[in-house]
Amino acid sequence: MKWLGNKFSQKTQTGEYSHEVFSPSGRVRFMLGVRDGGVFYSLKRDEKVIVRESKLGLDFVGEESFGRKFKLLAVKGQEVNSKWETVFGEEKVVVNKYHEGEFRLGCLEDERGVIVVRVRVFDDGIGFRYEIAERGVEQLTVKEELTEFNVDQNGRAWWIPAYQPDRYEYLYQRSQVVAMDKPVHTPLTIKTTSGAYVSIHEAALYDYGAMVVRRHGDTLRAEVTPMANGDAAQIELPFNTPWRVVMVASRAMDLAVNRIMLNLNEPAREDFAWVKPMKYLGIWWSLHIGEQTWHAGDRHGATTENTMEYIDYAAKLGIRAVLIEGWNEGWEGDWLECGKDNKFTLAYPDFNMKKVADYAKEKGVEIVGHHETVGFIENYESQWPEAFEFYKDHGVKYIKLGYAGTRMLIDGTREFHHCQPGVRHYQRVAEIAAKYGMMLNIHEPIKGTGIERTWPNIMTREGARGQEYEGGGMTPEHHTIIPFTRGLAGGFDYTPGIFDIHSNGVKTVWSTLARQLALFVTIYSSWQMAADRPRFYEGNPAFKFVQDVPADWQKTVPLVGEIGECWVVARQDRESDDWYVGGVTNEDARAVSVYFEFLDEGCEYEAEIYRDGCEQEAEGVTWVGAEGRAHFRENPLAVVIEKRRVKKGDRLEVWMAEGGGFAVRVKRVE
Ligand code: NOJ
């Protein structure tokens, strides 16, 4: 990297702003100014205003606030144009290309209070953060953040409320920005009246509370999730805040593949080549639909025998791993309450970990262990490192973590999961897991901010409303909003693949069967669960797609997308030349065209298509489950499987039923 003086941080010729930083193509422009000691910025793309004049700043307890009495001391710039390889992900190679501006700002009265605003301007958005230099004190308490995002108030926003009992697990609400009557989590996605797609999020969240966005009059302001004592964060100096990110695109589908969040994180410092994406079965859906129980008893799910049966299924069906929930003591009665005494090394009498582990090894199947902490952090951490050693001794390398409960209990205090002490815990667990060579899937997590670039053993997480909310709490629209909102925060363990759509009538799934296949492609996760009970997969030809589809990608190409309407994406397998296409629609049936522009020139491919049955089908098509016109409520099982030869430039017209979808494996033919 080469310092380029002020080349990319030029003085503006006119107006209120003293400096501007352009993106490499010049399309995105960040401007910074100082007036009466206050620091502010704005953002444009293609000369359209994305963020109008907005404040920058932080309020400290007992120290001069940043952003109220400041002057610009120095400005530097640099350009970066690099590429890096992911350990796993939606792309193997990520392009990291930006211009950076470094703005040193100081207190008018006192030069010791220097703060740097570092901004990176990409062609599809910006990230900026505050860097607080060493000063006379070692620690500072951040009272609140003053950063504003003065976006189009008449824009349409998709949001979930913050500080609610179910954390991030809500259906998205859609309203004008001005009508957002609650503080909201990020990513917060907005379609402006001028047609731009904007998402506000953060990157590299360490040792700080998560950013929530709240409307104050006619602007939005960053709010750091407070601790129980009301403070935002206690920081050790020097300190860099997480990056505040504004992604911008002219089409919704381009927003869905924005990589700024990952780029703003640091490369891993250790070798994480041992991290491996996979698909898994699990003793799980049977628990959620009441067929079996987490706790011991007549219907106990995680018995030695039942687990061995799941291992047999995994071996037979070619699925790499089996999740075991409810093998350890602590699930009796209201387990949310009892969780404070959960034991992470003590099995129920009808579960023998050694026997199960030996059997899994013999069958070549991985075990996915489970730590349900119920948010009782002291109880959990007091069992470290034994809880990890126990799994290590049994060859377990994958762990699903759970933090159910409305608040965490940390240091004797009830706290939001997403405040600074919570964020610190999620980091501690990532680090101890890395030390033991273990890969994590975190449920009730802190939201994704791209730290999997630095800690690739944090492989996936929940942090959104997943399939377990079926049976009344899910809508087809949700799957068409996720890619443009929560999806921007990284992998999501949605747990697709429910084939028994009725699920004992306890959780009837509002989806066609073809759509359940599509979700393996449309919602990215490096662990993909084939979530149903395996007996429903046996003998069903549609399961072949689940067996074929990988959980790790070479490339991702968005094809069609509109927030809340539909989403079609093509992804190339990391290990072969094959492509997979997934498409989902909301409650409206629709036809979409898939243009095979992404295929290699001069090559032949066979497309294996799994789609909703439509009114008029040709003679001889292969029906699965049921026949006739599919519909997510009326006829969800009507799937058609067909094969076609395709090549680059061909077009495939696919019809999706209400609440439906399609999945295609595009296999290169030698
Ligand atoms: C909620 C999680 O999302 C779910 O996957 C898990 O089965 C339960 N908690 C129990 O840990």
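Our structure is the block above this text.
Quick notes on the rules
Residues numbered from 1 in each chain as written. Predicted model: local features only at pLDDT ≥ 70, side-chain atom pairs only at ≥ 80, totals over all residues. Heavy atoms only, no water. Buried < 20%, exposed > 50% of the residue type's maximum accessible area, 1.4 Å probe, protein only. Helix = DSSP H or I, 4+ residues; strand = E, 2+ residues; numbered from the N terminus. Pairing = 2+ DSSP bridges. Near = heavy atom within 4 Å. Polar contact = N/O pair within 3.5 Å; in protein donor to acceptor, adjacent residues only side chain to side chain. Areas by Shrake-Rupley, 256 points an atom, 1.4 Å probe, with all protein chains shown as cover. Nonpolar A, V, L, I, M, F, W, Y, C, P; charged D, E, K, R; others polar. Axes fitted to C-alpha atoms, helices over the stretch in contact; angles between N-to-C directions.

Peer 1: Which residues make up the pairing of strand β5 (residues 38–45), and what are the values?
Peer 2: Among the eight residues of β5, seven are classified as buried, and the element is accordingly described as predominantly covered. Bridge count for strand β4 (residues 28–35) against β5 is eight bridges, and the pairing is antiparallel. The residue bridging R35 from the neighbouring strand is G38, located in β5. Hairpin remark: β4 followed by β5, antiparallel, with two residues in the connecting loop; positive phi at D36, about 50 degrees. Judged from the six bridges that link them, β5 and strand β6 (residues 48–56) form a sheet pairing that is antiparallel. Counted as the bridge partner of K44 is V49 from β6. Linkage of β5 to β6, two consecutive antiparallel strands, is achieved through a turn of two residues, within which D46 is found at a positive phi near 50 degrees.

Peer 1: With reference to specific residues and values, describe the site of the ligand.
Peer 2: Neighbouring residues of the ligand: 13 residues in total, closest H288, E325, E372, K400 and H443. One nitrogen or oxygen atom from the side chain of E372 is found 2.6 Å from an oxygen atom belonging to the ligand. A distance of 2.8 Å separates an oxygen atom of the ligand from a polar atom in the side chain of H443. Within the complex, 96% of the 290 Å² of free accessible area of the ligand lies under protein. Considering only residue class, the shell around the ligand consists of four nonpolar, three polar and six charged.

Peer 1: Account for the sheet that holds strand β20 (residues 219–224), with residues named and values stated.
Peer 2: Ordered in space as β13-β20-β19-β16, the four strands form an open sheet in which the pairing is antiparallel. In this open sheet, the two edge strands, each paired with only one partner strand, are β13 (148–149) and β16 (184–185). Here β16 runs beside strand β19 (residues 211–216); their pairing, made up of two bridges, is antiparallel. Paired with V184 across the strands is V213, a residue of β19.

Peer 1: Could you give me a rundown of the sheet that holds strand β27 (residues 398–402), with the residues and numbers involved?
Peer 2: The pairing of strands in a sheet comes from backbone hydrogen bonds and takes either a parallel or an antiparallel form. Overall, parallel pairing links the seven strands, which are arranged β31-β30-β27-β26-β25-β24-β32 in an open sheet. Edge positions in the open sheet fall to β31 (458–461) and β32 (527–529), since each of these has one partner strand only. Across the sheet, the mean angle separating the axes of adjacent strands is 30 degrees when strand polarity is ignored. By the bridge criterion, five bridges tie strand β26 (residues 366–372) to β27 in an arrangement that is parallel. Looking at β27, one finds that V368 is bridged to Y398.

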